[in-house]
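Structural overview for review
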Amino acid sequence: MRTATVSKQTLYIFEGTFRHAQAGFIIDRQARGLAKGTIKYYMDELDRFAEFQDLIGVLTIEEVTADVIRKY
């Protein structure tokens, strides 16, 4: 199992990471005009899931499998 050695801020800029996909998802939801509370809820939940991925060494979106989601 790999350990994440890059900062959260750095992960936001790497294409193919969960955090990159997360940022795109949030931008899309904002563009759709969802309520601020809904956006905050999505951000909080996705941040928790991303932190879990960091702990188990999942760095790319391709590594997010059904097994990873079940473990979460």
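The structure contained in this document is the topic of the report that follows.

Reading guide: rules and limits
- Residues numbered from 1 in each chain as written.
- Predicted model: local features only at pLDDT ≥ 70, side-chain atom pairs only at ≥ 80, totals over all residues.
- Heavy atoms only, no water.
- Salt bridge = Lys/Arg side-chain N within 4 Å of Asp/Glu carboxyl O.
- Helix = DSSP H or I, 4+ residues; strand = E, 2+ residues; numbered from the N terminus.
- Buried < 20%, exposed > 50% of the residue type's maximum accessible area, 1.4 Å probe, protein only.
- Phe/Tyr/Trp six-rings, centres within 6.5 Å; stacked < 30°, edge-to-face > 60°.

Some points on the pattern of salt bridges
It is possible for side chains of opposite charge to pair when their charged atoms get near one another. One pass over the structure, following the stated rule, counts 7 salt bridges. Between Arg19 and Asp47 there is a salt bridge, with the nearest N and O atoms lying 3.7 Å from each other. You can see Arg19 sitting in helix α2 (residues 18-31) and its partner Asp47 sitting in helix α3 (residues 36-56), a full 28 residues away along the chain. Given the relative accessible area of 24%, Asp47 is considered partly exposed. Across the salt bridge formed by Arg29 and Asp28, the nearest N and O atoms sit 2.2 Å from each other. Members of the salt-bridge network, linked through shared partners, are Arg19, Asp47 and Asp54.

Quick notes on the packing of aromatic side chains
Within the structure shown, the criterion is met by 6 aromatic pairs. Residues Tyr41 and Tyr42 carry aromatic rings whose centres are separated by 6.2 Å and whose planes lie at 50° to one another, so their mutual orientation is tilted. The rings of Phe18, Phe49, Phe52 and Tyr72 are connected pair by pair, giving a single aromatic cluster.

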